[in-house]
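Structural description and commentary
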Amino acid sequence: FIVEVDAPIITTLGGDGTSTSGSVNISDDSGAVQIEGDVEVIETQQLPPKLRFDRSNITLSAEPGGEINTTISISEKNGYNGIDSAELSASALSDGEEIIEADAFTLNPESVALSPNSSTTVELTIAVPDDIVSGVYEGTVSADSEESSDELSVAVQVDDVGPSVADYANDE
C-alpha cells in the first residue's frame, strides 16, 4: 500500500537522514499509526515564506492639519520558513493633483522579523498637512523582504470642516 502525507517533515530516518528503511509514525488527533517496512525518502521543495497584510486596503479620515493613528497587521503565511527582515515603507498619497508626501508617514517599527505562521502589529501614523485641500488621497504601504513582498492600499479622505465658531468670534 501507499501512504501519501502532505507535510514538510514526517520523520527523520537514521541519524544522518539518509536511511531508506525503518518505521514511520503518523499521528493525528485520533492517535498514532505505526507502519513497519521500507520507506522511500522523497525530497520536496518547501514553499518560500509569504508576507501578507491582514487586509488589502484601508480607508481613513482626517482634517487638514490632523494626525491619523492606526495599526495594521502583517503575517508570514506559508509556515515553513520565517522572514529574517521585511522593510516597511509608504508611498506618497495623491488625489490626482495634490500630494501628501511619503515623509508624512511614520511606521513603527520600520522593519519586522516573522517566525513561520506568525504575525505582528505595526503602528501607522500620517501627519496631514495644514494646507491640503479636501479629497481622497491614495497610496500604498509596502512590506519587502528577500523572499516576499506585499502592498496595502491606503486611502485618506480629507474633509475641510471650514472655519470654527471661534474663528468667526475673532473677526469682530
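Here, every reference points to the structure presented above.
All of the points below concern the structure found in this document. Computed from a prediction, not measured in an experiment: that's the story for all the values here. Residue positions are counted from 1 within each chain, in the order its sequence is given. Under the rules for a predicted model, residues below a pLDDT of 70 receive no local features and side-chain atom pairs below 80 are neither given nor counted, while totals for whole chains, interfaces and linings still include all residues. Calculation of side-chain values draws on the structure's entire complement of heavy atoms; hydrogens and water are dropped beforehand.

Concerning the overall build of the chain
We count a stretch as a helix when DSSP gives it H or I for four or more residues in a row; a strand needs E for two or more, and each element gets its number in order from the N terminus. Within the chain one finds one helix and 13 strands. Along its sequence from the N terminus, the chain presents helices and strands in the succession β-β-β-β-β-β-β-β-β-β-β-β-β-α. Classification of residues uses two cut-offs on accessible area relative to the type maximum, computed with a 1.4 Å probe and protein chains only: under 20% is buried, over 50% is exposed, and between them is partly exposed. Within the chain, the proportion of its 172 residues that are buried is 27%. If you take every contact in the chain between residues at least 6 apart in sequence, the share linking residues at least 24 apart comes to 64%. Note on areas: Shrake-Rupley with a 1.4 Å probe; residue coverage comes only from the protein chains shown. A total accessible area of about 11200 Å² is found for the chain, and carbon and sulfur atoms account for 43% of it. Contacts were defined at the residue level, with two residues in contact if any of their heavy atoms lie within 4.5 Å.

A short note on the pattern of salt bridges
Here, a salt bridge means any side-chain nitrogen of Lys or Arg that lies within 4 Å of a carboxyl oxygen of Asp or Glu. All told, the structure shown has two salt bridges when counted by the stated rule. For D150, the salt bridge identified is with R52, shortest N-O distance 3.4 Å. Taken together, the residues span a long stretch of sequence, with D150 in strand β13 (residues 149-158) and R52 in strand β3 (residues 51-53) at a distance of 98 residues. For D150, a relative accessible area of 17% translates into the label buried. With a closest N to O distance of 3.4 Å, R55 and D54 form a salt bridge. Accessibility expressed as a relative area gives 33% for R55, which makes it partly exposed. A relative accessible area of 46% means that D54 is categorised as partly exposed.

Details of the environment of D131
Looking at the element boundaries, D131 is found in the loop between β11 (119-127) and β12 (135-144). Linking D131 and P64, residues 67 residues apart in sequence, is a C-alpha distance of 6.5 Å.

A word on the pairing of β13
A strand pair is defined by DSSP finding two or more bridges across the two strands. Pairing of strand β4 (residues 57-62) with β13, which is carried by six bridges, proceeds in the parallel orientation. Bridge pairing links S61 to Q157 in β13. Pairing geometry for β12 and β13, over 10 bridges, is antiparallel. Among the inter-strand pairings, S142 is bridged to a residue of β13, identified as E151. Between the end of β12 and the start of β13, which pair antiparallel, lie four residues.

A closer look at the sheet that holds β3
Taken together, four strands build an open sheet; the order of strands is β3-β5-β11-β9 and the sheet is antiparallel. The open sheet has two edge strands, β3 and β9 (105-108), and neither has a second partner. Sheet twist, expressed as the mean angle between neighbouring strand axes with direction ignored, is 30°. Two strands pair when backbone bridges link them, and β9 and β11 are joined in this way by four bridges, in the antiparallel orientation. Each residue of the ladder has a partner; that of N108, found in β11, is E123. Structural elements are reduced to axes, namely lines fitted to C-alpha atoms, with helices fitted over the stretch in contact, and the angle between N-to-C directions of any two is expressed from 0 to 180 degrees.

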